[in-house]
Amino acid sequence: MTGMKLVSKLLKFKGFRAVNLWFEGKGVGDIIVAVKPHKNGCRCPQCGRRGKIVRIMPPRRWRDVRVCGRTVWLHHSPREIRCPTHGRRVEASPWADPGARSTYRLEYLLLRCCQAMPQNAAAQMLGMPTSTLSDILHRVIGRVRQGHQIRDLKKIGIDEISYAKGHKYATVVYDLDRSCVVWVGRGKARQTIDQFFKDELSLYQKAKIKWACCDMSETFIGAILQHCPNATLVLDRFHVVKALNDAVDEVRKEQWREACAEDRKALKGLRWLLYRHSSTRSRKDTITLKALEKANQRIYRAWRLKDEFEQLWNYKAPWAAKRFLNTWTTAALRSRLEPLKKFVRTVRKHADGILAFVEIRLTNAAAEGINRIIKIVKNRASGFRGLDAFADLIFLTVGDLDIPAQIPARFRTL
Ligand SMILES: [Zn+2]
C-alpha cells in the first residue's frame, strides 16, 4: 500500500481520497492533507445526485483531530455543480457540516472531552484556544438541538439557578421522570417561564402534564396554574424546608443582634446546628439544645417548631397531614416569632401544594440531583461569556438529548 492510499484509508471519507500531504507553519508544524473526490465524485448536498462541475472554488481548510501532537488540516477546493433538480450547489463534503470549519470527528471528540473535563483542559488536549473550543461547542450543540422536540413530558420541575456573579439568573425546566433538563431560559421573571410554555409546548402537550413541581414563588405557581390545566401543583419539599430553616435562622440573627457580649457566648455555634435534620443529630447537639432551652427561649421555641414540622413528611394519609398542618400552623402563630409567622402565612396560602406532596411523594429531588451537576458544570467552565455558554454545558451534561450520539457513527472515535 502506498503512503497516500494508507492516509485515504485512515481518513475514511466516502468518495474522497488523499492526494498530497505536507507540513506547514513554524516549529513542529501542522499537517496539511489535500483531498480530492474520486472521478465524478461530486454530489449535490440535497439529493446526493451527481452533477456537472461548473466552477472550482478557492481552497478551504477543515480542522481535524490531532495526530502525534500536530494539528491536521484537510485541504480541498470545493466544486460547484449543477444538479438537475436543485440547480447550482456547492458539493457536499462527507467529513463536515456545510459551513463548518471542523470535521465531524473533531466535533465528536470535543463533545466527549467537554462532558468529562473542564473546558480549558479540553482545549489544551485538543490543541486549540479555549475561545475556538467554545465557539465550536456552541455551534455544534445549536445544530444538534435545532428542531429537537420535547417529548413525553408528564412531571415537570421548574427552578431558578444563578449562573454568574451579580444576580444573573436562569430558569431551568426539568423532566422529573427522566431526570434531565429540557429547557433553559434567561431570567427568572414570569415572561421567561411563559416563553417556555408558549414556544416549546403544544396545547396537547400542556394538557398532558400531570404534575408540576416548583418552589413557593408566585411566578412559577402562577405560570403553572395558567398553562397546565390538568396539572396538580406540588410544592417542592426541599424548598419548603429551606424557607422554614431560613425563618428559624432569622430568629437566631435577631437574638444575636440584641444580645450583649455575655449572652452571645451561649449563642455561638448554633447556626448549622439549627439547620440540621433530626436524623443527623449527635449526642453533643442534644446537650447544646438542652442548654439553649435555658439560655434563649425564643430561639429554642423556633427550633422546636422546626423540629416538629419534620413529621409532616411522614404522613401517608392526606387528611392526617392536613390535621397536623392545621395544628402546627396554629401553634406557630402563637409563638410570637415574626419570621415564623411570615412562614405560616405562606404555608397556609399554598397548603394544597404542600399536602399534594404527601399524596404524590413527588419532589424536585431529581432536580436537586441535577442542580448538583449544574454546580459542577459551573465550576468546570471557568469564566462563562454568557448564558449561552452555560446552557451549552447544561445540555451537554444533563440535557434530554444525547448530543454526541447525533454525530454520524463512523466519525465516533471513542
Ligand atoms: Zn440536488
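It should be emphasised that the depicted structure is a prediction, and the values quoted were computed from it without experimental measurement.

Novice: How would you sum up the overall build of the chain? Please name residues and give values.
Specialist: Along its length, the chain carries 17 helices and 12 strands. Whereas a compact globule of 414 residues would reach a radius of gyration of roughly 22 Å, the chain reaches 30 Å, over 25% beyond that. Dimensions of the chain, computed from the C-alpha atoms along their principal axes, are close to 90 × 50 × 35 Å. Among the 414 residues that make up the chain, the fraction classed as buried is 46%. Summed over its atoms, the accessible surface of the chain is roughly 22200 Å², and 52% of this surface lies on carbon and sulfur atoms.

Novice: A description of the pattern of salt bridges should follow, citing residues and the corresponding values.
Specialist: The tally for this structure, following the rule as stated, stands at 21 salt bridges. Across the salt bridge formed by R143 and D97, the nearest N and O atoms sit 3.4 Å from each other. With R143 in helix α4 (residues 130-145) and D97 in the loop between β7 (87-90) and α2 (104-116), this residue pair connects regions lying 46 residues apart in the sequence. A salt bridge links R145 to D400; its shortest N-O distance comes to 3.1 Å.

Novice: So what's going on with the packing of aromatic side chains? Residues and values would help.
Specialist: This structure, assessed with the given rule, holds 14 aromatic pairs. One aromatic cluster is present, built from ring pairs that chain together F13, F16, W62, W95, Y104 and F411. For R145, the ring lying beneath its charged end belongs to F395, and the centroid distance is 3.7 Å. Directly above the ring of Y169 sits K188, whose terminal nitrogen or CZ lies 4.1 Å from the centroid.

Novice: Got a sec to walk through the sheet that holds strand β1 (residues 16-24)? Specific residues and values, please.
Specialist: Spatially, β1-β2-β5-β4 is the arrangement adopted by the four strands of the open sheet, whose pairing is mixed. If you trace the sheet from one side to the other, it starts and ends with β1 and β4 (60-67), each paired once. The mean angle between the axes of side-by-side strands here comes to 25°, regardless of whether they run parallel or antiparallel. Relative to strand β5 (residues 70-76), β4 runs antiparallel, the two being bridged by six bridges. Bridge pairing in β5 places V67 opposite R70. The strands touched by helix α1 (residues 3-11) are β1, β2 (30-37), β4 and β5; relative to β1, the strand with the most contacts, the crossing angle is about 105°.

Novice: An account of the coordination of the zinc ion is requested, with residue identities and associated values reported.
Specialist: Any two of four tetrahedral donors ideally make an angle of 109.5 degrees at the metal, while pairs among six octahedral donors ideally make 90 or 180 degrees. For the zinc ion, the full set of protein donor atoms is C44 (SG), C47 (SG), C83 (SG) and H86 (ND1), and the range of their distances to it is 2.1 to 2.3 Å. For the zinc ion, the four donor atoms in the first shell make angles of 104 to 114° at the metal, so the coordination geometry reads as tetrahedral. Along the chain, the residues donating to the zinc ion fall in the pattern C-x2-C-x35-C-x2-H. One end of the pair, C47, is in the loop between β2 and β3 (52-56); the other, H86, is in the loop between β6 (79-83) and β7, with 39 residues separating them in the sequence.

Analysis parameters
Residues numbered from 1 in each chain as written. Predicted model: local features only at pLDDT ≥ 70, side-chain atom pairs only at ≥ 80, totals over all residues. Heavy atoms only, no water. Helix = DSSP H or I, 4+ residues; strand = E, 2+ residues; numbered from the N terminus. Rg over C-alpha atoms; globule rule 2.2 N^0.38 Å. Buried < 20%, exposed > 50% of the residue type's maximum accessible area, 1.4 Å probe, protein only. Areas by Shrake-Rupley, 256 points an atom, 1.4 Å probe, with all protein chains shown as cover. Salt bridge = Lys/Arg side-chain N within 4 Å of Asp/Glu carboxyl O. Phe/Tyr/Trp six-rings, centres within 6.5 Å; stacked < 30°, edge-to-face > 60°. Lys NZ or Arg CZ within 6 Å of the ring centre and 35° of its normal. Pairing = 2+ DSSP bridges. Axes fitted to C-alpha atoms, helices over the stretch in contact; angles between N-to-C directions. Contact = heavy atoms within 4.5 Å. Donors = N, O, S within 2.8 Å, 3.2 Å for Na, K, Ca; no water. Tetrahedral: all angles 85-135°; square planar, octahedral: opposite > 155°, others 65-115°.

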